[in-house]
Amino acid sequence: MTSASLLNVSKAYGKTPVLRDVSLNIKAGEFLAVLGPSGCGKTTLLRLLAGFETPTEGEVQLGDRTVASRSVMVPPEKRGLGIVFQNYALWPHMSVAQNVGYALKVAGLPRAERDQRVREALETVDLTRFADRRPADLSGGQRQRVALARCLAARNNLVLLDEPLANLDVRLRATMEEEFRRFHRESGATLVYITHDQSEAMALADRVAVMDKGRILQCASPRQLYREPANATVATFIGDGLLFPVENVRPEYAGRVRATLLGVEVTMRATPPQGPVPFAIATCHPGNLRLCADHEQNGLDVVITSRVYRGGHWSLEMRPYADQSLTYTIDLPDRGGSLPEPGDDARVAFDDLWLLPEGQGAPFGSTKTNQSSTTDQKKVLQCV
Amino acid sequence: MPAQRRREVALSIFSRFTGQNAVLVLLTLLVGTIAVAPLVRLAISALFDGDGFAVERLTKLFSRPQTSAALVNTLIIATLSTIASLVIGVVFAVVMVFTDLKHKSALVFAFVLPLMIPPQVTAMAWIQAFSPSSPVLGMLGMAMEPGSRHPLYSMTGVVLLLGVYNAPLVYLSLQASLRRLPLNLAEAARAAGASPARTVFTVLLPLARGGILAAASLSFVSAIGNFGIQAMLGIPGRVPTLMTQIYQQVNNIGPSALPNMAMLSIVLVALTVTAVLMANWAASRADTRIDLGTNRLTVALGVYTWPVMILLWGYMIVSLLLPLSALLQTSLVPAFGLSLSAETFTLKNYTAALFNQPILRDALKTSLWLTSVSVVILTVIAVLLGYFLTWRKGPLVRVLQFCTDAAYALPGVSLGVALILIFLRPLPIFDVSLYGTAWIILVAYVAGFFALALRPVLSGYQQIDRNLEEAAQVAGASWGRRMVEIIFPLVAPAATASAILVFMSAINEIQTSIMLISSSARTLGPMIIFLEDGGASTLAAAVGCLMVLGILAIMLITSIFSRYLPERVLPWQF
Ligand SMILES: Nc1ncnc2c1ncn2[C@@H]1O[C@H](COP(=O)(O)OP(=O)(O)O)[C@@H](O)[C@H]1O
Ligand SMILES: [Mg+2]
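Since this is a predicted model, take the numbers as computed values, not measurements.

S.K.: Would you mind showing me how to read the domain arrangement of chain A here?
M.R.: Quoted interface sizes are often the accessible area lost when the parts come together. All names here are of chain A. Partitioning chain A into domains gives domain 1 (4-227) and domain 2 (232-383). For domain 1 versus domain 2, the separation of C-alpha centres amounts to 38 Å. In this complex, domain 1 contributes 11 residues to the contact, which on the side of domain 2 involves 10 residues. Counting the surface lost from both domain 1 and domain 2, the interface buries some 1000 Å², and carbon and sulfur atoms represent 59% of this. Of all residues in domain 1, the largest losses of buried area upon contact with domain 2 belong to Gln198, Tyr226 and Arg227, amounting jointly to 50% of the total for that side. One salt bridge in this structure joins arginine 227 and aspartate 352, with 3.7 Å as the shortest N-O distance. On the surface where domain 1 and domain 2 come into contact, there are four residue pairs in polar contact (both at pLDDT 80 or more).

As structure tokens, this is what we get:
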């Protein structure tokens, strides 16, 4: 088990910034997923940890050792970590057993101990029968397991995985997810798992670091990401969150605030020390909205613009009368009752709203001086 | 800040001076010497005399009618033969890449074979093919009248032979770019109603413009640098070219001719560099979109199958059978000009070539060891160099890239002149003279075949996933260990292919050898010219046949083992 940290790390290729001021603390023994769209810099982050790239600014630490900084650069072969590459990177000219035992051979372990550890590793991933095969004669899932066994045999304390499931078909992914969980349990290693698939990240990791455009937007447990996103980008990215402009935010009691959402008085969850602000953004998931019964007065008046049945639930697209430029799509469970048609008026109520801690203070969609908030605002406009 | 920055730079340079960087520095020095030193030496000798810039000598040189004749002839020959090569090579490439013709492997093998035969042997075979006793022409009743002027001893002869000789080069370069053309462009044209043939001519060939220009420049450079054909046909035909002039002047006049010939060598280099730059420019403009994994456009030839077959095989008969049968016949009769019959048949030329001629045996021995040593040195250099050029960045790698490009630009005869200039006097520190020994030829082979050795290895590296090395690196393996245990096994097939190509070219090498050989160090390649000049045509023919036989054997054997070699690095594989 090794902890790993990035301290204010920036990386640029020439003049193109790829990572900007990234700080990340990976605890010993943790299963951390790095989640983000393709091209956002995930692989670069992993290669910085591994030592294939040097940071332009900042420091990389493994355990309590600084491995990269302005004056230090420990090469990958001296960092003692394992990597599972997206394409597995198995050496085609070696047998499965030789692949698994290579790091031990390099380390100069005696033959008997080497064989013993290779055998154990292959047993753990259930590949004992294939020890003498060449990687070319294995299926995709089996190659993946050889790559895992390689890290097991080397007893790597820190294992980096770069989109390990991206090359496998959907059915195999579920089995391999279980394999990774077992690997984490049995090796006790710290795992950094890169992916662009949020369900994979949520299902596997203790914590998920959400990345976009070279920044880490939020690093938190899957549940916290889903229920308490830090900003508009994370909110819309995780579970298709919806964004609503709110005004006149007033604290009610710890962790709860009152506000006006498009003219409707609502209460919502918020981070505890939330002070009063004139403008902010609230979010909820498409399943957290429901149609009001006829007698309910407190709800958002909308016109339905389309209705699609999606097996088990309906997707209703609607525009609020308070601001016709906004569009929301909500999910309603199919309970057999009648639903409004496109063109009908309806009223919806909110189950569970969350006040975004970032991007408060200015009206929805207005320009701000703060750089990151501007991009957040643009996102909001695109998403809703 | 600057001081701190400097300290950091110094620190990082120091901490990174590992085995890998030491090798990189040594390699850069070596390649820099091999590639750049000859050019520099040529330039110095050409431009400066003892008392400064040699204006007067150079003015005289360039106002000599022979000089301008040689320059004009070189340009005309290179241009016209390139056009001929293009016509033949483009047709062949289109048929091979886009049609459903059968027996393509055999056709490609036969088409590329002439390129593997040393040019001096080709030239000799063609000379004999148009002699009064030519078997093929004789059969057709078209043999020459005895006593008439030989039609190939002329500008036309040189152009035609170079055109045929370099056509495979055009095919090889063009087929690679034709294969890369995205299929969906062809499909879009088909969907728009164009017939398959129309699609090839209106969509695919225009798209391959860059590839065609690159092929043209390759064939141009190779025509300029083909000493064997220019010498064997051009010298008796009184068609002087830059190359033959350099050879003759250095040979006849001796060291005093060197400065002027260094200047002509520089002119040769300039022509080559211009063509190479044009090729790079063309390549940079070429459509490089790749569309892998889909089937390529295949035109069903239908009723045209037979005409196309007859055309292609007819071409093979003319370009291969006509010259080689003449060569074989000459090698089997006791004196040149006799036609082959039961009474004239003899194997004495072969027994002479193989057993009775100590000069030939020595030449073969020298060529064999020179070639073997060159192959080993070049393979090691190519594997290391390929690693750095493919996977490393930085100023040293850019220098290395530049030197590698420079090595492409030096024609063999120019290299020969440069090496004479460098080694004429004893080496300063060691006080030994390499001039006149086989070692200078070894230097020439290493410098001359450097580019040839590198190309397959580079394409081999491009097919290796860098993650394989990185995986070994995180496993803790040092650079040297990774090179030996991971990289080398992975590039071994490409390195083998490159070793085969170098072997085949070096064992028969003529241009630099002929400039550098002496009575104490003879190689095989130039022997043909010497025997032919000395009137021993039948013996020369036997030696030529043995060379072709050896080449053919290597080609066939490698074809049998081709599945162990990377795809398409050996030119004769389809
Ligand atoms: N060696 C490199 N040189 C220049 N740009 C690079 C290099 N490697 C990655 N990039 C750029 O950095 C960005 C992030 O790349 P990467 O880390 O691979 O993203 P991800 O893994 O999230 O898809 C991309 O825009 C990519 O083009
Ligand atoms: Mg990536």
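S.K.: How should the pattern of salt bridges be read in this particular structure?
M.R.: Once the charged atoms of two side chains with opposite charge are near each other, the side chains can pair. In this structure the tally under the stated criterion is 26 salt bridges over all chains. The partner of B:Glu470 in a salt bridge is A:Arg47, and the shortest N-O contact between them spans 2.7 Å. Of this pair, B:Glu470 sits in helix α22 (residues 466-474) while A:Arg47 sits in helix α1 (residues 42-50), on two different chains. Like A:Arg47, B:Glu470 is buried. The residue A:Glu178 makes a salt bridge to A:Arg181 at a minimum N-O spacing of 2.8 Å. Of this pair, A:Glu178 and A:Arg181 both sit in helix α5 (residues 170-187), three residues apart, roughly one helical turn. Here the residues in one salt-bridge network are A:Lys11, A:Arg47, A:Glu53 and B:Glu470, joined through shared partners.

S.K.: Help me understand the packing of aromatic side chains in this model?
M.R.: One pair of aromatic rings is described through two measures. These are the centre distance and the angle between the planes. Inspection of every chain in the model, using the stated rule, returns 20 aromatic pairs over all chains. When the centroid spacing of 5.5 Å and the interplanar angle of 75° are considered together, the rings of A:Phe180 and A:Tyr193 count as edge-to-face. A residue pair is termed long-range when its members are at least 10 positions apart, and A:Phe180 in helix α5 and A:Tyr193 in strand β8 (residues 190-195) qualify at 13 residues. The buried category is assigned to A:Tyr193, whose relative accessible area is 1%. On the numbers, 6.2 Å between centres and 15° between planes, the contact of B:Trp126 with B:Phe130 is stacked. Given the relative accessible area of 8%, B:Trp126 is considered buried.

S.K.: Can you help me understand the interface of chain A and chain B in this one?
M.R.: Between chain A and chain B, the residue contacts involve 22 residues of the former and 23 residues of the latter. Here chain A packs against chain B, burying approximately 2000 Å² in sum over the two surfaces, 57% of which is carbon and sulfur. Where chain A meets chain B, there are three salt bridges. Its salt-bridge partner being B:Glu485, residue A:Lys105 comes within 3.9 Å of it at the nearest N-O pair. At the surface where chain A touches chain B, the tally comes to seven residue pairs in polar contact (both at pLDDT 80 or more).

Cut-offs and rules
Every chain is numbered on its own, with residues counted from 1 as its sequence reads. Labels follow written order: the first chain is A, the first ligand is 1, and so on. This being a predicted model, a pLDDT of at least 70 is required before a residue's local features are given, and a value of 80 or more before pairs of side-chain atoms are given or counted; all residues contribute to the totals for chains, interfaces and linings. Working from all heavy atoms in the structure, the side-chain values ignore hydrogens and water. Domain delimitation in this document rests on an assignment produced automatically or drawn from a domain database. Residue contacts are defined here by distance: any two heavy atoms, one from each residue, within 4.5 Å place the two residues in contact. Here the quantity called buried area is the accessible surface, traced with a 1.4 Å probe, that two parts lose on coming together, added over both. A pairing counts as a salt bridge when a side-chain nitrogen of Lys or Arg comes within 4 Å of a carboxyl oxygen of Asp or Glu. Pairs of N or O atoms within 3.5 Å make up the polar contacts considered here, provided that, within protein, one atom can donate a hydrogen while the other can accept it, and that residues adjacent in sequence are counted only when both atoms are side-chain atoms. Strands are runs of DSSP state E lasting at least two residues, helices are runs of H or I lasting at least four, and both sets are numbered from the N terminus onward. Categorising residues by exposure relies on relative accessible area from a 1.4 Å probe, with only protein chains included: less than 20% of the type maximum marks a residue as buried, more than 50% marks it as exposed, and the intermediate range marks it as partly exposed. Working definition: rings of Phe, Tyr and Trp (its six-membered ring) pair if their centres are within 6.5 Å, and the pair is stacked with planes under 30 degrees apart, edge-to-face with planes over 60 apart, and tilted otherwise.

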